[in-house]
Amino acid sequence: MYLPPHDPHVDDPMRFKPLFRIHLMERKAATVECMYGHKGPHHGHIQIVKKDEFSTKCNQTDHHRMSGGRQEEFRTWLREEWGRTLEDIFHEHMQELILMKFIYTSQYDNCLTYRRIYLPPSHPDDLIKPGLFKGTYGSHGLEIVMLSFHGRRARGTKITGDPNIPAGQQTVEIDLRHRIQLPDLENQRNFNELSRIVLEVRERVRQEQQEGGHEAGEGRGRQGPRESQPSPAQPRAEAPSKGPGGTPGEDGGEPGDAVAAAEQPAQCGQGQPFVLPVGVSSRNEDYPRTCRMCFYGTGLIAGHGFTSPERTPGVFILFDEDRFGFVWLELKSFSLYSRVQATFRNADAPSPQAFDEMLKNIQSLTS
């Protein structure tokens, strides 16, 4: 099992934890051992369910128990999974979420079903290379998200979940047609100013959807940022007033050049100063202070048990090839994402269609 680093250190490497192992014997015989718990390897079972799916079962779950009972097991899990002790966590809401996660994950005793996931296919016109990213999710800690590109949109799909949003759901969706122009550094600190800019773009998106332009643009095959420029007849994607802090090289040009112009700072090695608005919480204060570009997006929020899910407006911030962020407007929260650098062999999708089908399948498991 690949585990994210301890919260909130998104740039640290992934952690590795063995769950089971297989000994191949003579005459095609094999023995399976469960590696879960702290009493060493013990007897387990693996069953191939169907293509790209198998299940594991521990036959000696008493090896997972500890002499100090559930309390000792919880404290050990907390130290290993979170790098903390219970005394370190003062926030009552965070204690509740962590306890829920422990109860949920420990009840299976390593009796699990595994399904294959593919890494997203890449295209030369993609904003950055797609792949797996570690992201900060407030009191939930770090989670793994898969960034993929789908024509005029980018999607972040949860590979690991939490009590609110389970794995398989689209945690963020980015509209690459609607770039957001940040104000100058001083006005970036003003949450109301950022909120005004984002909500104006959201209103444009709604108008376009009502006019049918959004639906007509879907399903025309892959398009990179340069190919997905709005026509001159469409509203401009940036905020109407630019202000003195605009990214170099963007004052002027045709309305349809919004996304193409946005790429210039990245190509020139330049960037715009960036700071979070006052009142926006971040698990990691060590976020980048310059960004390449920003786009309008939506984030998925829900109550415990994935109740009353809804998409809320936000800002996707591209920092560099390996890091991006998302400001959750309604939650007044910021998530920082850093690329998983581990290499996974034989994980590429055989085709874009196979990848899209996989996304639908994992989403349907938790819908």
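Residues numbered from 1 in each chain as written. Predicted model: local features only at pLDDT ≥ 70, side-chain atom pairs only at ≥ 80, totals over all residues. Heavy atoms only, no water.

Identification of the chain as F-box protein 31 from Pan troglodytes is taken from an unreviewed UniProt entry. The record in UniProt for the chain states the following under Pathway (unreviewed entry): "Protein modification; protein ubiquitination." (UniProt positions renumbered as here; feature names shortened; annotations may be inferred.)

**Let's talk about the overall build of the chain**
The helix and strand inventory of the chain stands at 7 helices and 18 strands. Counting only residues that meet the buried cut, the chain has 47% of its 367 residues in that class. Across the chain, the fraction of contacts at a sequence separation of at least 24, relative to all contacts at a separation of at least 6, is 58%. (Helix = DSSP H or I, 4+ residues; strand = E, 2+ residues; numbered from the N terminus. Buried < 20%, exposed > 50% of the residue type's maximum accessible area, 1.4 Å probe, protein only. Contact = heavy atoms within 4.5 Å.)

**Here we look at the packing of helix H1 (residues 69-82) against helix H2 (residues 92-106)**
It is at 11 Å that the axes of H1 and H2 come closest, and there the two elements cross at 105°. On the basis of their axis angle, the class for H1 and H2 is roughly perpendicular. Here Arg70, Glu73, Phe74, Trp77, Leu78 and Trp82 of H1 come into contact with H2, specifically with Met94, Ile98, Leu99, Lys101, Phe102, Thr105 and Ser106. Of the residues that constitute the contact of H1 with H2, the class distribution is 8 nonpolar, 2 polar and 3 charged. (Axes fitted to C-alpha atoms, helices over the stretch in contact; angles between N-to-C directions. Parallel < 35°, antiparallel > 145°, perpendicular 65-115°, else oblique. Nonpolar A, V, L, I, M, F, W, Y, C, P; charged D, E, K, R; others polar.)

**A word on the sheet that holds strand E4 (residues 30-34)**
The antiparallel open sheet is built from 5 strands, whose spatial order is E3-E4-E5-E6-E7. At either margin of the open sheet sits one strand with a lone partner, and together these are strand E3 (20-24) and strand E7 (112-115). Shown here is a sheet whose adjacent strand axes are inclined to one another by a mean of 35°, direction ignored. Of the pairings in the sheet, the one linking E3 to E4 comprises 5 bridges and is antiparallel in character. Considered in E4, the bridge of Leu24 is made with Ala30. (Pairing = 2+ DSSP bridges.)

**Topic: the confidence of the model for the chain**
This prediction gives the chain a mean pLDDT of 82; 84% of its residues lie at or above 70. Note that residues 216-269 has pLDDT below 50 and, in this model, 89 contacts with residues that lie over four places away or in other chains. (pLDDT = per-residue confidence, 0-100.)

**Topic: the packing of aromatic side chains**
Taken as a whole, this structure holds 19 aromatic pairs when the rule is applied. Seen from their ring centres, Phe20 and Phe54 are 6.1 Å apart, and the 75° between their planes marks the pair as edge-to-face. Remark: Phe54 occurs in strand E6 (residues 53-58) and Phe20 occurs in strand E3; sequence separation between them is 34 residues. For Phe20, a relative accessible area of 26% puts it in the partly exposed group. An angle of 55° between the planes, with centres 5.3 Å apart, marks the rings of Trp77 and Phe102 as tilted. Here Trp77, found in helix H1, pairs with Phe102, found in helix H2; they are 25 residues apart in sequence, far enough to count as distant. Exposure remark for Phe102: the relative accessible area of 6% places this residue in the buried category. Pairwise contacts between aromatic rings join Phe133, Tyr137, Phe316, Phe324, Phe326, Trp328 and Tyr337 into one cluster. (Phe/Tyr/Trp six-rings, centres within 6.5 Å; stacked < 30°, edge-to-face > 60°.)

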